[in-house]
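In case you want the letters, here they are:
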Amino acid sequence: MITLDHVSVKYRQRLAVAEVCGTFTTGRSTAIVGPNGAGKTTLLKAMAGLLPASSGQIHTPERVAYLPQRTELDRQFPMTVAELALSGSWRRSGAWRRLDRTEQERAAHALAHMGLAELTNRPIGTLSGGQLQRARFARLMVQDAPVLLLDEPLNNLDPASRDLLLKQLTDWQIEGRTVIAVMHDLDLVSRHFDETLLLSGTVQAWGATAAVLAAARAEIGFTGHSLWVNPLAEEAGS
Ligand SMILES: Nc1ncnc2c1ncn2[C@@H]1O[C@H](COP(=O)(O)OP(=O)(O)OP(=O)(O)O)[C@@H](O)[C@H]1O
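Residues numbered from 1 in each chain as written. Predicted model: local features only at pLDDT ≥ 70, side-chain atom pairs only at ≥ 80, totals over all residues. Heavy atoms only, no water.

(A) Molecular detail of the site of the ligand. The local shell around the ligand holds 14 residues, among which Asn36, Gly37, Lys40, Thr41 and Thr42 are the closest. Within the backbone of Gly37, an N or O atom sits 2.9 Å from an oxygen atom of the ligand. His184 places a polar side-chain atom, nitrogen or oxygen, 3.4 Å from an oxygen atom of the ligand. For the ligand, whose unbound accessible area comes to 640 Å², protein coverage reaches 59%. (Near = heavy atom within 4 Å. Polar contact = N/O pair within 3.5 Å; in protein donor to acceptor, adjacent residues only side chain to side chain. Areas by Shrake-Rupley, 256 points an atom, 1.4 Å probe, with all protein chains shown as cover.)

Next comes the structure, spelled out in structure tokens:
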């Protein structure tokens, strides 16, 4: 169970996320949704331990794996697809220790599962967007963490890659892992996530997906592409 207790996160003096309180239950999936600039990525990074909370407490008793948004920068690392997947075993093998056969087999299995068996020796810079995201998912599979924090995992993908990764999200849920993902596609959210956190600087709603999305649509017309006002952005005068 991950608990957020009055969590706020600032960039310099400016609040990006304010007073978030709530619980992510072990084994449940949660979508974090909200308009641009709502603080979704910021909250996920804070939960991954990559940004400090400026106030409040984040309790994450279990090990987390974090998938940042995909960017062009990802392609610029001089590594192969196999090396990317294998880097998920870092915690078990240590940065400089020789990687044993078990870890290599684990990475090969994850890549095959992601349909990348033929591409293992390719530099990641030569992959398509969908192939790269599948390789990044293979790395997550190798990490084998009980909690997955995923930032827009299904954005801008070809249909085949999207379906494959969606199935992987479902498999992780069936395995009892806690899946927390920033999502923009509310149809996918309504079909695949148990709970939804609607964020706009502060928590607007958090609970069962059907109820949160129904309230969001009815009360504020939030469609996933809305121009809904972020109160923290208003405060900052932007
Ligand atoms: N590194 C940074 N330095 C300063 N301000 C930042 C930084 N990263 C984000 N912000 C600001 O914090 C606020 C929240 O940004 P964040 O990226 O968390 O939003 P988001 O909900 O993930 O948005 P999107 O849906 O557009 O990805 C925004 O006002 C943004 O401009």
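(B) Broad picture of the packing of helix 4 (residues 101-113) against helix 5 (residues 129-143). Put simply, helix 4 and helix 5 touch, their axes get as near as 9 Å, and they point 135° apart. With respect to helix 5, the element helix 4 is oriented oblique. In this structure, the crossing between helix 4 and helix 5 has a hand that is right-handed. Note on element contacts: helix 5 touches helix 4 through Ala138, Met141 and Val142, opposite Arg106, Ala107, Ala110, Leu111 and His113. Residue composition of the contact of helix 4 with helix 5, grouped by class: six nonpolar, one polar and one charged. (Axes fitted to C-alpha atoms, helices over the stretch in contact; angles between N-to-C directions. Helix = DSSP H or I, 4+ residues; strand = E, 2+ residues; numbered from the N terminus. Parallel < 35°, antiparallel > 145°, perpendicular 65-115°, else oblique. Left-handed = near helix turned anticlockwise from the far one by under 90°. Contact = heavy atoms within 4.5 Å. Nonpolar A, V, L, I, M, F, W, Y, C, P; charged D, E, K, R; others polar.)

(C) Expanded view of the packing of aromatic side chains. A full pass over the atoms with the stated rule returns two aromatic pairs. Ring geometry for Phe24 against Trp206: centres 4.8 Å apart, planes inclined by 55°, an arrangement best described as tilted. Here Phe24, found in strand 2 (residues 14-24), pairs with Trp206, found in strand 9 (residues 202-208); they are 182 residues apart in sequence, far enough to count as distant. Classification of Phe24 by relative accessible area gives buried; the value is 1%. (Phe/Tyr/Trp six-rings, centres within 6.5 Å; stacked < 30°, edge-to-face > 60°. Buried < 20%, exposed > 50% of the residue type's maximum accessible area, 1.4 Å probe, protein only.)

(D) Seen up close, the sheet that holds strand 2. If you walk across this open sheet you meet the three strands as 2-1-4, and the pairing is antiparallel. Strands at the two margins of the open sheet, each flanked by one partner only, are strand 2 and strand 4 (55-59). For this sheet the average axis-to-axis angle between neighbouring strands, irrespective of direction, equals 25°. Contacting strand 1 (2-11), strand 2 and strand 4, helix 1 (residues 40-47) crosses the sheet at an angle of about 120° to strand 1. (Pairing = 2+ DSSP bridges.)

(E) Quick look at the layout of surface pockets. In this structure, the largest pocket spans a volume of roughly 370 Å³. If you go around the largest pocket, you meet 16 residues; those closest to its centre are Asp74, Phe77, Leu84, Arg136 and Arg139. Every element with two or more residues in the lining of the largest pocket is listed here: strand 5 (64-67) and helix 5. By residue number, the principal contributor to the lining of the largest pocket is helix 5, which donates five residues. Empty space within the second largest pocket amounts to approximately 170 Å³. Lining the second largest pocket are Arg106, His109, Ala110, His113, Met141, Val142, Asp144, Gln168, Trp172, Glu175 and Arg177. (1 Å grid on protein atoms, 1.4 Å probe; cavity = no way out; pocket = protein on both sides within 12 Å on 5 of 7 lines; lining within 4 Å. Points joined across faces, edges and corners; volume = space filled by probe spheres on them.)

(F) Structural detail: the side chain of Gln173. By secondary structure assignment, the location of Gln173 is in helix 6 (residues 159-174). Residues in contact with Gln173, not counting those within four places in the same chain, are Gly27, Ser29, Val179 and His192.

(G) Inspection of helix 1 at higher detail. Taken across its eight residues, helix 1 has six buried, putting it largely inside the fold. Among the residues of helix 1, Lys40, Thr42, Leu43, Leu44, Ala46 and Met47 are the ones counted as buried.

(H) Highlighting the pattern of salt bridges. Going through the model one piece at a time under the given rule, you end up with seven salt bridges. Salt-bridge contacts for Arg28 lead to Glu195; the nearest nitrogen and oxygen are separated by 3.2 Å. Note that Arg28 is positioned in the loop between strand 2 and strand 3 (29-33) and Glu195 in strand 8 (residues 195-200), a separation of 167 residues in sequence. Within the structure, one salt-bridge network assembled from shared partners comprises Glu103, Arg106, Asp144, Glu175 and Arg177. (Salt bridge = Lys/Arg side-chain N within 4 Å of Asp/Glu carboxyl O.)

(I) Spotlight on helix 5. Here helix 5 is 15 residues long and its end C-alpha atoms lie 21 Å apart, about the 21 Å a rise of 1.5 Å per residue gives. Burial analysis of helix 5 places 13 of its 15 residues in the buried class, the great majority of the element. Following helix 5 by one or two positions, Asp144 adopts a phi angle in the positive range, close to 60°. (Expected span 1.5 Å × (residues − 1).)

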